[in-house]
Amino acid sequence: MTASSTVDPKQRNRLLRYLHTGIEIPKYFPGCWAAHKYFEDFKPPILQELLLVNKNNTEVVNIILKAFHDGHFTRFETIAFSLAKCLCYGAERVKEATYRAALEVCKTPEEMLMFNNYLRLLNTGNGRGWCNFIKKWYVNKDPMELAKEVTRVRARHGRSHKTLVAKSHMKIDVNDYARDAIIKYIMFGLKRARTILANAQGTEDIFDYIEKVESMRHCEDPKDAAKIAEDNHFTLDHVPGHLLTSQEVWEVILPQMPLQQVLHNIQRIHNMGFLTESSTTTAILCSLLTNNDKIKTSKVTPIEVFIVASNYERNSKPLKYQKAIAALDKQQRRRQRQTFNPESKVWEWTVTHRHPKEVKIWGIDQKPNKTVIATLHLLIKNTWTLTPPTKARYLITLDMRDHMFKGRHYCEKYALSKKSKRKDVVANNGGGGDADNVQPAVTRTKMRQFAECFYNLHVSPGNAAIILMLQLLKREKHVKVAVFTEQGIELIDGKKCNDIEDTAVYLKKQKLGRVQLDAPIEWASKLNEKFDVFINMIDRSTRYMELEKSARGGRGPAGRFGPPPTNNDIVDHCPVRALERYRTKTANPDAKLIVMSLASHRLQTTDGSHEGVLDIVGVDEHVPEVMDAFVLGKFK
């Protein structure tokens, strides 16, 4: 059987959507990745469909490789998992192409060990192809670079270098002493490796570097460890566990971190009590967050910085249920060794001797550092134009009513009154009728629900929408911004949108109204305005229930995709069909629609049969990257 030269366009789109978003349907769920939950043979279905029809179809591997080189995928897990699935379903030619692609894809030890973990979970075996892949990964790297990578990352995802080297029966060339020294160190340790390769040519620098790493691992004095890390430019991965609570070590390794890793560790450093007003750690951190060289070389987006700042300002992170229960138990044990100071409103330790388990959370009850928060908000202003423009024409429409910032106003909740709970209801055994089913009285109580984004509870939908809008407005040349009104939409002056606070105040003063998702497209079609991308930002799709019944035509329950109305008197307000009409009228077949439901996952703008439509549920740091990939046509 010969390899197929083409892949069906619809199947190709499903595969690319999976690689970019982790799910095959046109919907992106921030904060989660679908593939890691499914290791059965039928997940993801598209790879099985493509390779079971033709097991020699190497174009599938080429599509995965192209998605990796384009660089718009959100998580490396989807790339690694897809390649592992190709080894499950593919024939010999596909397996050879997959291992060649894995060598291009797996640059770092973390990526290589993750890929091998999926191979273990999928039971692909350790045959000749796998052994050659492992050997080439170690042989293709420069010896000193390999020594740094091996000592930096010893094991990840249940796989270690020692396990891979042993299972692959690796044999190094006789004259390659430097690389052989690294393999011997992996298998037997430093002392025996020195004994085996004593005075071998080219091994002295390798062993000297490894010896410094080992001295760092076994060092007990934080000051000595900080000196070793500073002299050798060690990263966080080189620091052993017993030194991760040392302030001296953190002050040395912080400048070695990329900006994204610095942001990821701010809460961790604060919890250990290092970010006080007068500490040198705070000064180092703020200097890194304002370093223009670090900012320009990073791929940080404004929404990512805002999420970090919001979580830090609330002094916590969004937790899953199990982690929240564990955190509550730890807090109760911590309170037994603390007292509450009513003046500072902070829990203070009643002991000076730190228990090893308490060191990591010694400063968790301290208030967030205002200097750090101010620096994070300054960093947002320096990251508006970091990502390259897509050069597309945008129409961004936002719902800016109060519920985007304050919640659903007041929700009526029916509950038993305290008075009725104290009464014993006695049934009338002989009366019959309704007297036998006496119902307790109910009272209406009001419960406040604050606005929060799905997957990021400390970010309000209004702020998230403004930040995503401002990034496009400041980066792109052809962007128009509008708000939903009772008559449809109304354009606003983009020049008055500068920073987050001023923009929020300006947008709230507009003539705001109920959300009709097809209104921006109908407005552009009526005025013959040319746009490539329509973006609607709302808190939840159930806002369509605010509309009169005559204005809900073409939309199903909860505002989801529905068939066109059968009654000719009812206007079809389906945004997908409005987009199709717009494409025909303006001769723009590539016009796209993005609908963002920031506070609810009940979103289904399309049933999956339409191209150029994307739903985004909630928000996370990858949303701008997903939007750019979709606009640039990477999903097809």
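Rules used in this analysis
All chains use their own residue numbering, which begins from 1 and follows the written sequence. Local features in this predicted model are restricted to residues of pLDDT 70 or higher, and side-chain atom pairs are both shown and tallied only at a pLDDT of 80 or more, whereas totals for entire chains, interfaces and linings draw on every residue. Processing note: side-chain calculations cover all non-hydrogen atoms of the structure and skip hydrogens and water entirely. Labels follow the DSSP assignment, with helices taken as runs of H or I lasting at least four residues and strands as runs of E lasting at least two, numbered in each case from the N terminus. Whether two residues are in contact is decided by their heavy atoms: any pair within 4.5 Å suffices. Accessible surface is estimated by sampling points in the Shrake-Rupley manner with a 1.4 Å probe; for residues, cover comes only from the protein chains shown. Here, any two strands with at least 2 DSSP bridges between them count as paired. Helix axes are fitted to C-alpha atoms over the stretch in contact, other axes to C-alpha atoms as well, and angles between N-to-C directions run from 0 to 180 degrees. Reported orientations rely on four angle classes, namely roughly parallel under 35 degrees, roughly antiparallel over 145, roughly perpendicular from 65 to 115, and oblique for the rest. Crossings are classed by handedness, with left-handed meaning an anticlockwise turn of the near helix from the far one by less than a right angle and right-handed meaning a clockwise turn. Polar here means any residue other than Ala, Val, Leu, Ile, Met, Phe, Trp, Tyr, Cys and Pro, which are nonpolar, and Asp, Glu, Lys and Arg, which are charged; Gly is therefore polar. What a helix should span is 1.5 Å times the count of its residues minus one. Here the term buried applies to any residue with accessible area under 20% of the maximum for its type, exposed to any over 50%, and partly exposed to those in between, with areas from a 1.4 Å probe on protein chains only. A right-handed crossover is one whose linking path, passing over the helix from the first strand to the second, runs clockwise when the strands point away from the viewer. By the criterion applied in these results, polar contacts are pairs of N or O atoms within 3.5 Å in which, for protein atoms, one can donate a hydrogen and the other can accept it, and in which residues neighboring in sequence qualify only through two side-chain atoms. Each aromatic pair joins two rings of Phe, Tyr and Trp (for Trp, the six-membered one) with centres within 6.5 Å, and gets the label stacked for planes under 30 degrees apart, edge-to-face for over 60, and tilted for any other angle. Criterion for a charge above a ring: Arg CZ or Lys NZ at most 6 Å from the ring centre, at most 35 degrees from the ring normal.

1. Quick word on the overall build of the protein chain
Okay, so step 1: The helix and strand inventory of the protein chain stands at 28 helices and 13 strands.
Okay, so step 2: Taking the intrachain contacts of the protein chain between residues at least 6 apart in sequence as the baseline, contacts between residues at least 24 apart amount to 71%.
Okay, so step 3: A total of about 31900 Å² of accessible surface is found on the protein chain, and carbon and sulfur atoms cover 50% of it.

2. A short note on the sheet that holds strand β9 (residues 479-485)
Okay, so step 1: Reading across from one edge, β1-β13-β12-β11-β6-β9-β10 is the order of the seven strands in this open sheet, with mixed pairing throughout. At either end of the open sheet lies a strand with only one pairing partner, and these are β1 (27-28) and β10 (488-491).
Okay, so step 2: Pairing between strand β11 (residues 533-538) and strand β12 (residues 592-597): six bridges, direction parallel. When the bridges of β12 are listed, valine 533 appears paired with lysine 592.
Okay, so step 3: Docked against the sheet, helix α26 (residues 519-526) engages β6 (394-398), β9, β10, β11 and β12, running at close to 70° with respect to β10.

3. Quick look at the packing of helix α4 (residues 76-89) against helix α5 (residues 92-105)
Okay, so step 1: Closest axis-to-axis distance for the α4/α5 pair is 9 Å, and the angle between their directions is 155°. Considering the angle they form, α4 stands roughly antiparallel to α5. When you trace α4 past α5, the crossing you get is left-handed. Contacts between α4 and α5 pair Phe76, Ile79, Leu83, Cys86 and Leu87 from the former with Val94, Lys95, Thr98, Tyr99, Ala101, Ala102 and Val105 from the latter.
Okay, so step 2: When the residues that make up the contact of α4 with α5 are grouped by side-chain class, the tally is ten nonpolar, one polar and one charged.

4. Side note on helix α24 (residues 461-475)
Okay, so step 1: Spanning 15 residues, α24 covers 21 Å between terminal C-alpha atoms, matching the ideal 21 Å at 1.5 Å per step.
Okay, so step 2: Among the 15 residues in α24, 13 count as buried, and that is most of the element.

5. Some thoughts on the pairing of strand β5 (residues 346-349)
Okay, so step 1: The pairing of strand β4 (residues 338-341) with β5 spans four bridges and is antiparallel. Bridge pairing in β5 places phenylalanine 340 opposite tryptophan 347.
Okay, so step 2: From the end of β4 to the start of β5, which pair antiparallel, there are four residues, and lysine 345 there has a positive phi angle of about 55°.

6. Quick word on the pairing of β11
Okay, so step 1: Within β11, six of the six residues are buried, which leaves the element mostly enclosed by the surrounding structure.
Okay, so step 2: Because side chains alternate across β11, one face comprises the buried residues Val533, Ile535 and Met537, and the other comprises Phe534, Asn536 and Ile538, equally buried.
Okay, so step 3: Pairing between β6 and β11: five bridges, direction parallel. Residue pairing for β11: leucine 398 is matched across the bridge by methionine 537.
Okay, so step 4: In this fold, β11 hands off to helix α27 (residues 575-586), which returns the chain to β12; that crossover is right-handed.

7. With respect to the packing of α24 against helix α28 (residues 623-631)
Okay, so step 1: Here α24 crosses α28 at 50°, and the two axes come no closer than 11 Å. Overall, the two elements α24 and α28 adopt an arrangement that is oblique. As for the relative orientation of α24 and α28, their crossing is right-handed in sense. Residues Leu468, Gln471, Leu472 and Arg475 of α24 pack against Val623, Pro624, Met627 and Asp628 of α28.
Okay, so step 2: Taken together, the residues that form the contact of α24 with α28 break down as five nonpolar, one polar and two charged.

8. Quick word on unusual backbone geometry
Okay, so step 1: Of note, the phi angle at histidine 169 is positive, near 50°, even though the residue is not glycine.
Okay, so step 2: The residue histidine 169 is located in the loop between α9 (161-168) and α10 (177-188) in this model.
Okay, so step 3: Since its relative accessible area comes to 62%, histidine 169 is described here as exposed.

9. Concerning the environment of serine 279
Okay, so step 1: Residue placement: serine 279 occurs in the loop between α16 (266-271) and α17 (280-289).
Okay, so step 2: Note: C-alpha distance between serine 279 and glutamine 247 (32 residues apart in sequence) is 9.8 Å.
Okay, so step 3: If we skip the residues at most four places from it in the chain, serine 279 touches Gln247 and Phe274.
Okay, so step 4: A distance of 3.2 Å separates the side chain of serine 279 from the backbone oxygen of threonine 276, its partner in a polar contact.

10. A few points about α5
Okay, so step 1: If you check α5, its first and last C-alpha atoms are 20 Å apart, about what 14 residues at 1.5 Å a residue would give, namely 20 Å.
Okay, so step 2: Within the span of α5, buried status applies to Val94, Ala97, Thr98, Tyr99, Ala101, Ala102 and Val105.
Okay, so step 3: Where the residues of α5 are buried, they touch α2 (45-53), α3 (59-70), α4, α6 (109-121) and α7 (128-139).

11. Topic: the packing of aromatic side chains
The description of two aromatic rings rests on the distance between their centres and on the angle between their planes.
Okay, so step 1: The full count for this structure, using the stated rule, is twelve aromatic pairs.
Okay, so step 2: Between the aromatic rings of phenylalanine 454 and tyrosine 455, the centroid separation amounts to 4.8 Å while the plane-to-plane angle is 80°, which identifies the pairing as edge-to-face.
Okay, so step 3: Under the relative-accessibility criterion, phenylalanine 454 is labelled partly exposed at 27%.
Okay, so step 4: With 5.6 Å between their ring centres and 65° between their planes, phenylalanine 630 and phenylalanine 635 make a pair best called edge-to-face. Comparing phenylalanine 630 with phenylalanine 635 shows no difference in burial state: the two are buried.
Okay, so step 5: Here the aromatic residues Tyr99, Phe115 and Phe133 are joined through ring pairs into a cluster of three or more.
Okay, so step 6: Positioned above the aromatic ring of tryptophan 137, the side-chain terminus of lysine 141 is 4.8 Å from the ring centre.
Okay, so step 7: Positioned above the aromatic ring of phenylalanine 405, the side-chain terminus of lysine 508 is 4.1 Å from the ring centre.

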